[in-house]
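# Overview (structure and organization)
The chain contents come next:
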Amino acid sequence: MSTMSPQEVTQLLAAWGKGDRSALDKLFPIVHAELRRIAQRQMHQERDGHTLQATALVNEAYLRLAGQQGSQWHNRAHFFAVSAQVMRHILVDHARARARDKRGGDMVQVALDDVDVIAGQPAEYYLALDEALRFLEQVDPQKGRIVELRYFGGLSVEETAEVLSISPRTVRREWQRARACLYRMITEGTTDETRPLARS
Amino acid sequence: MKPDRWREVDEVFAAALERAPQDRAAFLDEACASDRELRREVEKMLAFDQQAEDFIQTDVFHVAAQLITERSDEPASKKSSSFSSHSIDDARFIPGDVLADRYRIVGLLGRGGMGEVYRADDLKLKQPVALKFLPESLTANGAALARFYREVSVARQISHRHVCRVYDVAEFAGQHFLSMEFVRGEELGSLLKRIGRLPQDKAIEVARQLCAGLAAVHERGVLHRDLKPANIMLDEHGDVRITDFGIAALAEELDQREKMAGTPAYMSPEQLEGHELTARSDIYSLGLVLYEIFTGKRAFEPVTFDELLRLRRSDSTPTSPAQHVPELDPLIERVIFRCLERDPAKRPSSALQVAAALPGGDPLAAALAAGETPSPEMVAAAPKQGALKPAVAISLLGAALLLLAFICFFSRATMLHRHVPLEKSPEVLRDRAAELVKKFGYTSAAADSIYGIGLDRRYLEYVRDTNPSPSRWQTLKSGQPAAIYFWYRQSPGSFDVSNGGDVDENTPARVLPGMTTITLDTLGRLRSFYAVPPQSAPAAETSSFDWSTLLKESGLDQANLQPVSPIWTPPHEATARAAWAGSYPDRPELKFHIEAAAFADKPVYFQILHVWDQAHDDPDNLTSPKQRALRVVATSRLYHRLDR
């Protein structure tokens, strides 16, 4: 990735998948550097607090990635896909824990008026978004993946296109429609009764 | 909505988006025709698209990072020095304050167990630093403060990539503070709190780095005294940095027992009981940290200080780590339990031994990384029962046990074995050694003999220093030159060690005529040979020895050897000398020089020398007495006594 060619990384991933532990040793620093690159691009480093938060985030994402079965990573594109998934899990896990901490129980209800706000949104907002995305993934897997890669994985339109082997133009168009769809589900609610899209 | 229907809506929605807003109504008239529900759905989507411009633009990385750091701060905020954003409102200093004409405060990083920690810029050295304020209890106690200054003066000499650098200690308005390296990272403690245990591969890596850092601290004679996850940082590269060695605990020592209640969870039994501490006390704490890294659980979960004391005083052992993590490598469990032995003497004697005992632990790499001598003990650092022990009574258990021990030694204790060919059992090598000694003309029966395994540290260091490739140890594969070698010595009389010491490769010295020492590489090829010539001079002053007898056994192609002038004096009296130069066929860049000597019709000396072999009186060698001492240490003491 930053220090190796995509081909080399893909080869290492393949070797790891076959059980070559030394491939993993070479991958660790690359993966870490790659996650750092994405996080830094996403989080403008204007304050120390952010740098340090980014480090914590990268460490966590990295450890979750390292804990995964190597065989799941087929190539560099796959790595991006998996890391986007990991980022999504991190966000959702923490949002859920946060919601539970505040409520003292499992949070299912969506409450947009919650005062406890993270980066402009309450923890529950992210849970609702995740739920809406899960619905979208069911009816339209490609849109689901585009949202995951772009939103959770921090990938650009071009990178997303590369990962999914589609044109950047398709990514832009699908992204626009996915966004409208998610927005609608969040706004109208995501329970079966209130979700017109789910009614059939 | 059924997937088919969804696709229909989506297709019309997509086509509508392609058109200018004013053309969309006409398009929908045509596209939806009489399907009114379809039209309603698409119109809704178009409306939401208008409003969704700013939707999911939030930076999800910020959100996740914010959540993570907030959560990990919650339980730790009381005592942790977590480097995350803290309110500056009630801090003693505000950004912009300049302390001692040198440090400009940038912000408050946290409140540690000792006091406030600030991020600052060192105006003199133009680098970011962390300033740690010391508690009043320390600064008010003159003797303790003096001791603290002494500790700092030693600690600031420690420079290691896994140790947070200590720069200086200074005073401002009666407050003492420490300036140290500013590490961009987070505490291992808060990471563990968030994610539980580390994946095994990463945990092993963290454990190794911890061991290397701790070894570097110990090498300077500094004890950490308070090793725990909160004092271990993972920097921005995910690498370990040990902080607060020798310092935090010093402050706590001065405090009352009740005040300690928050931190003693990682103390060794001897520390809890107020006994003197050694490096092995830190090894105990290391064991507790490793337990937590690998399992995500604390080894002991005491509620109060007294309960902790009781837990530790009783012989209760912690729950087996494998109960928390069934797939845990048994080697890891074993090394953790060895660190947690109540009796310090039973714990590994160094952090490097711990590193070597971890799965895949390359003891030499660990040792060389930390700048320590890889003693054979370290090579054998792993399970005691696997290492060769002189006490193993060969006479009772027979050679089978020896073979077993040998196999255990190579299979468990070291990774070196993976790089060195080891087809031959020690018995085979011993028989071959004895046979060669006979072949060289030393036919009288041996009254005493002994053999063992040696490690050529100078060769390994040479590989480390000259070959930066990660696969450098692969070069050991040919077995020649030998990184691990087999040695055998025999004597016409008993080995006399009445002056003390154990019998080994070099002890007692070869003095008795007929004493021989031979070393072979692991494939049985001759590496060196020494013999003490007879005391009574031979009738003729000439030698009738055929050098090819020796050369043949070295496995080197004689056709490729160039006769040269001898340069090293033989260690024993000789009547003829010879020398050759050559290189290995598979590694032409590696040159060697062979020295040999004979007395009458028997060889007394044979040695294959390489660029890393220095004469004892070599000026370079003499200027570094430490290295000479280390070399002696590096000689194997793993041996078995035979025929006793």
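The model shown is predicted, which means the values in this text are computed figures rather than measured ones.

Residue and element names in this part refer to chain A. Closest axis-to-axis distance for the helix α5 (residues 123-139)/helix α6 (residues 141-152) pair is 6 Å, and the angle between their directions is 145 degrees. In this structure, α5 contributes Y126, L129, L133, L136, E137, Q138 and V139 to the contact, and α6 contributes P141, K143, G144, V147, E148, Y151 and F152. For the contact of α5 with α6, the class distribution of residues is 9 nonpolar, 2 polar and 3 charged.

Residue and element names in this part refer to chain B. Structurally, the position occupied by H176 is in strand β6 (residues 175-181). A polar contact of 3.1 Å, which involves the side chain of H176, links it to the side chain of Y149. Apart from residues lying up to four places away in sequence, H176 is in contact with K132, F133, L134, T139, L145, Y149, A170 and E171.

The subject of this paragraph is the pattern of salt bridges. One side chain can pair with another of opposite charge once the charged atoms of both are near each other. Going through the model one piece at a time under the given rule, you end up with 32 salt bridges over all chains. A salt bridge links R177 of chain A to D10 of chain B; the nearest nitrogen and oxygen atoms lie 2.7 Å apart. One end of the pair, R177 of chain A, is in helix α8 (residues 168-188); the other, D10 of chain B, is in helix α1 (residues 3-18), on a second chain. With relative accessibility at 8%, the residue R177 of chain A sits in the buried group. D10 of chain B sits in the buried class, given a relative accessible area of 9%. Beyond isolated ion pairs, a larger network of salt bridges with shared partners links R88, D130, R134, E137 and E148 of chain A.

So, on to the packing of aromatic side chains. Inspection of every chain in the model, using the stated rule, returns 16 aromatic pairs over all chains. Aromatic ring contacts, followed pair by pair, group F93, Y103, Y118, F133, F172 and F177 of chain B into a single cluster. Positioned above the aromatic ring of W175 of chain A is the side chain of R150 of chain A, whose terminal nitrogen or guanidinium carbon lies 4.7 Å from the ring centre. Of note, R119 of chain B hangs over the ring of F182 of chain B, and the distance from its end group to the ring centre comes to 4.4 Å.

Along an α-helix, residues three or four apart share an orientation, since each turn contains 3.6 residues. Taking 1.5 Å as the rise per residue, α8 of chain A with 21 residues should run 30 Å; its terminal C-alpha atoms sit 30 Å apart, in good agreement. Along α8 of chain A, the positions that sit buried rather than exposed are V171, E174, W175, R177, A178, R179, A180, C181, L182, R184, M185 and I186 of chain A. Buried residues belonging to α8 of chain A abut α5, α6 and α7 (157-164) of chain A together with α1 and α3 (36-51) of chain B.

Residues and elements named next belong to chain A. Among the 8 residues in α7, 6 count as buried, and that is most of the element. Along α7, the positions that sit buried rather than exposed are V157, E159, T160, A161, V163 and L164. Phi for S165, located one or two positions after α7, is positive at around 55 degrees.

Before going further, it helps to examine the confidence of the model for chain A. All names here are of chain A. Counting all residues, the mean pLDDT for chain A is 70, and 56% of those residues have values of 70 or more. Here strand β1 (residues 117-118) stands out as the element of chain A with the lowest mean pLDDT, 50, in contrast to α6, whose mean of 89 is the highest. Contacts from residues 104-117, a stretch scored under 50 in pLDDT, to residues over four places away or in other chains number 23 contacts.

Here is what the cut-offs are and how they apply
Residues numbered from 1 in each chain as written. Chains lettered and ligands numbered in written order. Predicted model: local features only at pLDDT ≥ 70, side-chain atom pairs only at ≥ 80, totals over all residues. Heavy atoms only, no water. Axes fitted to C-alpha atoms, helices over the stretch in contact; angles between N-to-C directions. Helix = DSSP H or I, 4+ residues; strand = E, 2+ residues; numbered from the N terminus. Contact = heavy atoms within 4.5 Å. Nonpolar A, V, L, I, M, F, W, Y, C, P; charged D, E, K, R; others polar. Polar contact = N/O pair within 3.5 Å; in protein donor to acceptor, adjacent residues only side chain to side chain. Salt bridge = Lys/Arg side-chain N within 4 Å of Asp/Glu carboxyl O. Buried < 20%, exposed > 50% of the residue type's maximum accessible area, 1.4 Å probe, protein only. Phe/Tyr/Trp six-rings, centres within 6.5 Å; stacked < 30°, edge-to-face > 60°. Lys NZ or Arg CZ within 6 Å of the ring centre and 35° of its normal. Expected span 1.5 Å × (residues − 1). pLDDT = per-residue confidence, 0-100.

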